[in-house]
Amino acid sequence: NLHSFPTRRSSDLEITKKTISLSKRQELESLEKRVGTKEIEGSGVIIILDDNSEFQNTNIDTAMCHGANLRDIINLLKLPQLEVEGISINDTRLHLQSTINCFADGTSIDTTKMFAPYNIQVIGNTQKIINHLKTKTLMPELWEQIEAKIISLEIKKSNNILLPTIHSTPQTNYFIKSSYEKTP
């Protein structure tokens, strides 16, 4: 018969359903890792950013690591060509809405306050990450402080990095009711 079409067997249909289901589960797991709700394990780079205890300066603005130093490094790590899968600072996992702020003699990552030394763990393309971190023109202010021995930076490869999940669910408050009332 010229007009007969091949029929699918029920076992073929079950295999197709399982394949689609597996594909969706893998996609979901990938998204969970990217947003930080799942741990990530892999190879990458460990970066230690620290105050230089030998630097003799009583001016707190210039004698220590600041949030700006961390932001410079994190912004560099976010470049797509570095293929970074995840980042943590002092065991605090960064997510898409993470904030890094400076206060007195420390830094806050989201709601977690921390102090130097900053242990930054990154999973991604190890060689590309190291090459970019060592390119002084990409972070000139940071490298000026390192060369002046104000702060120290150590970069090392690791084949076994485990990034934790985020500590809390990121929240976005676009509109916050103000207690301010306009008077006539």
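Residues numbered from 1 in each chain as written. Predicted model: local features only at pLDDT ≥ 70, side-chain atom pairs only at ≥ 80, totals over all residues. Heavy atoms only, no water.

Spatially, S4-S5-S6 is the arrangement adopted by the three strands of the open sheet, whose pairing is antiparallel. Both edges of this open sheet fall to strand S4 (100–103) and strand S6 (112–114), since each of them pairs with a single strand only. The mean angle between the axes of side-by-side strands here comes to 25 degrees, regardless of whether they run parallel or antiparallel. Sheet strands in contact with helix H2 (residues 67–77) are S4 and strand S5 (106–109), and its direction is about 160 degrees off that of S4. (Pairing = 2+ DSSP bridges. Helix = DSSP H or I, 4+ residues; strand = E, 2+ residues; numbered from the N terminus. Axes fitted to C-alpha atoms, helices over the stretch in contact; angles between N-to-C directions. Contact = heavy atoms within 4.5 Å.)

This brings us to the pattern of salt bridges. Within this structure, the stated rule accounts for four salt bridges. One salt bridge connects Lys-156 with Glu-154, and the closest N-O pair in it is separated by 3.7 Å. (Salt bridge = Lys/Arg side-chain N within 4 Å of Asp/Glu carboxyl O.)

Looking now at the side chain of Ser-158. Of note, Ser-158 is situated in strand S8 (residues 151–163). Here Asn-160 takes part through its backbone nitrogen, which lies 3.2 Å from a polar atom of the side chain of Ser-158. Non-local contacts of Ser-158, meaning those with residues more than four positions away in its chain, are made with Ser-43, Gly-44 and Ile-46. (Polar contact = N/O pair within 3.5 Å; in protein donor to acceptor, adjacent residues only side chain to side chain.)

Here we come to the nonpolar core. Ranked by internal contacts, the top residues of the largest apolar core, which has 29 residues, are Ile-47, Leu-49, Ile-73, Leu-77, Ile-89 and Ile-120. Those elements that provide at least two residues to this core are strand S1 (40–51), H2, strand S2 (86–89), strand S7 (118–123), helix H3 (126–133), helix H4 (140–147) and S8. Once residues lying within four places of it in the same chain are set aside, the contact partners of Ile-47 are Ile-73, Leu-77, Tyr-118, Asn-119, Ile-120, Val-122, Leu-133, Leu-153 and Glu-154. Membership of the second largest hydrophobic core comes to five residues, among which are Ile-40, Ile-46, Ile-161 and Leu-163. (Core = buried A, V, L, I, M, F, W, Y, C linked by side-chain atoms within 4.5 Å. Buried < 20%, exposed > 50% of the residue type's maximum accessible area, 1.4 Å probe, protein only.)

In the predicted model, the protein carries a mean pLDDT of 80, and the fraction of residues at 70 or more is 73%. Within the protein, the lowest mean pLDDT, 72, falls on helix H1 (residues 10–35), and the highest, 97, falls on H3. Throughout residues 169–184 the model reports pLDDT below 50, and contacts reaching past four residues in sequence, or to other chains, amount to four contacts. (pLDDT = per-residue confidence, 0-100.)

Taken as a whole, this structure holds one aromatic pair when the rule is applied. Consider the rings of Phe-103 and Phe-115, whose centres lie 5.9 Å apart with planes at 75 degrees: the pair is edge-to-face. Taken together, the residues Phe-103 in strand S4 and Phe-115 in the loop between S6 and S7 connect sequence positions 12 residues apart. According to the relative accessible area criterion, Phe-103 is partly exposed, its value standing at 23%. Geometry around Phe-103 places Lys-113 over its ring, the cationic atom sitting 5.1 Å from the centre. (Phe/Tyr/Trp six-rings, centres within 6.5 Å; stacked < 30°, edge-to-face > 60°. Lys NZ or Arg CZ within 6 Å of the ring centre and 35° of its normal.)

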